[in-house]
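Single-letter residue listing:
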Amino acid sequence: MCRVLVIDDQEIVRKCLRRIIERSKHLFEVAEASSGREALRLLSAPNYHPDLVLLDVKMPQMSGYEFIEAAGLEHDLGASVVMISGSGERPKAMSYSCVKGFLEKPFSLIEVLDLCEQLIYGELE
């Protein structure tokens with residue numbers, strides 16, 4: 001089973017991503033965080049290591065970029081990150097080595113499933 005952590009300050013986006021991912025043909029365990037700080041608390045729990053992080057770029061208090069740095073994701077190759085933003089952030093987001101994909105809002109069900117399955121497919125087989 002692959003663990004996915006969805007971090008977005010908008011509840012509707014988190015719930016939408018959870019539903020999309022849970023409808024995949026693969027087994028996923030999905031956790032949600034409404035902020036970078038909440039996600040850092042989840043990551044500090046023993047034995048919690050997500051395989052994939054879906055991360056909003058623009059959030060109050062801590063941006064997605066600040067979260068990557070605070071969580072040490074640039075130095076930990078254990079999790080792939082997909083950044084999510086409205087527009088114009090793709091070049092900066094993709095400059096981080098841990099960022100393996102980018103979803104532009106509004107995204108489609110197919111885009112999310114395809115990207116998630118592409119990033120972890122090899123680990124599932």
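For the structure itself, look to the data block above.
No experiment lies behind these values; they were computed from the predicted model shown.

J.: Now, about the overall build of the chain: what can you tell me, with residues and values included?
T.: The helix and strand tally for the chain stands at five helices and five strands. Counting from the amino terminus, helix and strand elements in the chain follow one another as β-α-β-α-β-α-β-α-β-α. Considering only C-alpha atoms, the chain reaches an extent of 35 × 35 × 25 Å along its principal axes. For the chain, the proportion of its 125 residues judged to be buried stands at 48%.

J.: Help me get a handle on the pairing of strand E3 (residues 52–56), residues and values and all.
T.: For E3, the buried fraction is high: five of the five residues fall into the buried class. Every second residue of E3 is oriented toward a common face, with Leu52, Leu54 and Asp56 on one face and Val53 and Leu55 on the other, all of them buried. Relative to E3, strand E1 (residues 2–7) is paired through four bridges, and the arrangement is parallel. Within E3, the residue paired with leucine 5 across the bridge is valine 53.

J.: Which residues make up the sheet that holds E1, and what are the values?
T.: If you walk across this open sheet you meet the five strands as E2-E1-E3-E4-E5, and the pairing is parallel. Of all strands in the sheet, those with a lone pairing partner are strand E2 (28–33) and strand E5 (99–104), marking the two edges. Between one strand and the next, the sheet's axes are offset by a mean angle of 20 degrees, whatever the strand orientation. The sheet contact formed by E3 and strand E4 (residues 80–85) spans five bridges and is parallel. Pairing of aspartate 56 across the sheet is with isoleucine 84, part of E4. Relative to the sheet, helix H1 (residues 11–22) contacts E1, E2, E3 and E4, its axis offset from that of E2 by approximately 175 degrees. Packed onto the sheet, helix H3 (residues 64–71) meets E1, E3, E4 and E5 and runs at close to 140 degrees relative to E3.

J.: Can you break down the pattern of salt bridges residue by residue, with the values?
T.: A side chain with one charge can pair with a side chain of the opposite charge if their charged atoms come near. Going through the model one piece at a time under the given rule, you end up with eight salt bridges. With a shortest N-O distance of 3.5 Å, aspartate 56 and lysine 105 are connected by a salt bridge. Taken as a pair, aspartate 56 in strand E3 and lysine 105 in the loop between E5 and helix H5 (109–124) lie far apart in primary sequence, 49 residues in all. We classify lysine 105 as partly exposed; its relative accessible area is 22%.

J.: Explain the nonpolar core to me, using residue names and the numbers behind them.
T.: Counting residues in hydrophobic clusters, the biggest one holds 23 residues, and the most contacted among them are Ile7, Leu55, Ile68, Val81 and Met83. When residues of this core are traced back to their parent elements, those giving at least two are E1, E2, E3, H3, E4 and E5. When residues in this core are grouped by element, the largest group, three residues, is from H3. With sequence-adjacent residues up to four places away left out, isoleucine 7 is seen in contact with Ala33, Ser35, Gly36, Ala39, Val53, Leu54, Leu55, Asp56, Met59 and Phe67.

J.: Describe the packing of aromatic side chains, and please don't skip the residues or the numbers.
T.: Under the defined criterion, the tally for this structure stands at one aromatic pair. Between the aromatic rings of tyrosine 65 and tyrosine 96, the centroid separation amounts to 5.4 Å while the plane-to-plane angle is 15 degrees, which identifies the pairing as stacked. One end of the pair, tyrosine 65, is in helix H3; the other, tyrosine 96, is in the loop between helix H4 (90–94) and E5, with 31 residues separating them in the sequence. Here tyrosine 65 matches tyrosine 96 in class, with each residue buried.

Reading the values: rules and limits
- Residues numbered from 1 in each chain as written.
- Predicted model: local features only at pLDDT ≥ 70, side-chain atom pairs only at ≥ 80, totals over all residues.
- Heavy atoms only, no water.
- Helix = DSSP H or I, 4+ residues; strand = E, 2+ residues; numbered from the N terminus.
- Buried < 20%, exposed > 50% of the residue type's maximum accessible area, 1.4 Å probe, protein only.
- Pairing = 2+ DSSP bridges.
- Axes fitted to C-alpha atoms, helices over the stretch in contact; angles between N-to-C directions.
- Contact = heavy atoms within 4.5 Å.
- Salt bridge = Lys/Arg side-chain N within 4 Å of Asp/Glu carboxyl O.
- Core = buried A, V, L, I, M, F, W, Y, C linked by side-chain atoms within 4.5 Å.
- Phe/Tyr/Trp six-rings, centres within 6.5 Å; stacked < 30°, edge-to-face > 60°.

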